[in-house]
Amino acid sequence: TVSREAGDNVKKYAVIPAGAENQGNYHVAYVNGTFEITPASLKLEAEGYNAAYDGAEHTATITTELPEGTTVEYKVGDGEWTTEVPSVKDVDSIEVEIRATNANYTIEGTKVTLTVIQKEVTVTGNNGSKVYGEKDPELTAKVEGNLNNDEIVYTVSREAGDNVKKYAVIPAGAENQGNYHVTYVNGTFEND
């Protein structure tokens, strides 16, 4: 009979012939052979992230079904390999290398990019009016698109003039404010 040493992991196992030593006119010697299990090949696949700021943490998503006992490691740029999954929340773009090890597999790694771009915000001057000769009321604007009441820095003024006519209410400020790209839209101020 022929059997082999038990085991399914990657390594060399004995192939074991066995039987009676004395078989009629023959004396039989049994010599083991070798049975080798070599690593299977596996390609690691993952998805990155690319979208506007939403206030949440975003990581790479591994789409390959990994066998039990696999260790996954990540490296950002020229950094060190670590098992901690990197993430992005604020506006940024990072390249992540991913590798996986398993004694029974040769696993090809992959790279993904995690990118968060600025969210669009609009600051619109609120319409207003006054009767000719009165003092201007406070000029205000409405902010739309920012999350969690994040501060958008801006000022509000109006087009110069005191005669009876319509004037622009002008919000102004930096276009790029951290996680936001800000667009400014004039309102209307009417001097009656």
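Throughout what follows, the structure given in this document is the object of discussion.

Parameters and conventions
Residues numbered from 1 in each chain as written. Predicted model: local features only at pLDDT ≥ 70, side-chain atom pairs only at ≥ 80, totals over all residues. Heavy atoms only, no water. Pairing = 2+ DSSP bridges. Helix = DSSP H or I, 4+ residues; strand = E, 2+ residues; numbered from the N terminus. Axes fitted to C-alpha atoms, helices over the stretch in contact; angles between N-to-C directions. Phe/Tyr/Trp six-rings, centres within 6.5 Å; stacked < 30°, edge-to-face > 60°. Buried < 20%, exposed > 50% of the residue type's maximum accessible area, 1.4 Å probe, protein only. Lys NZ or Arg CZ within 6 Å of the ring centre and 35° of its normal.

**Section: the sheet that holds strand β2 (residues 11-17)**
Pairing within the open sheet is antiparallel, and its three strands lie in the order β1-β2-β5. Every interior strand has two partners, whereas the edge strands, β1 (2-4) and β5 (33-37), have only one. Averaged over all pairs of adjacent strands, the angle between their axes in this sheet comes to 30°, without regard to strand direction. Note: β2 against β5, five bridges, orientation antiparallel. If you follow Lys-11 over to β5, its bridge partner there is Ile-37.

**Description of the packing of aromatic side chains**
The final tally for this structure, using the stated rule, is one aromatic pair. Considering the side-chain rings of Tyr-53 and Tyr-180, the 5.6 Å spacing of their centres and the 85° angle between planes classify their relative orientation as edge-to-face. Remark: Tyr-180 occurs in strand β22 (residues 180-185) and Tyr-53 occurs in the loop between β8 (49-52) and β9 (58-59); sequence separation between them is 127 residues. Given the relative accessible area of 7%, Tyr-53 is considered buried. A cation sits over an aromatic face here: Arg-99 above Trp-81, 4.1 Å from the ring centre.

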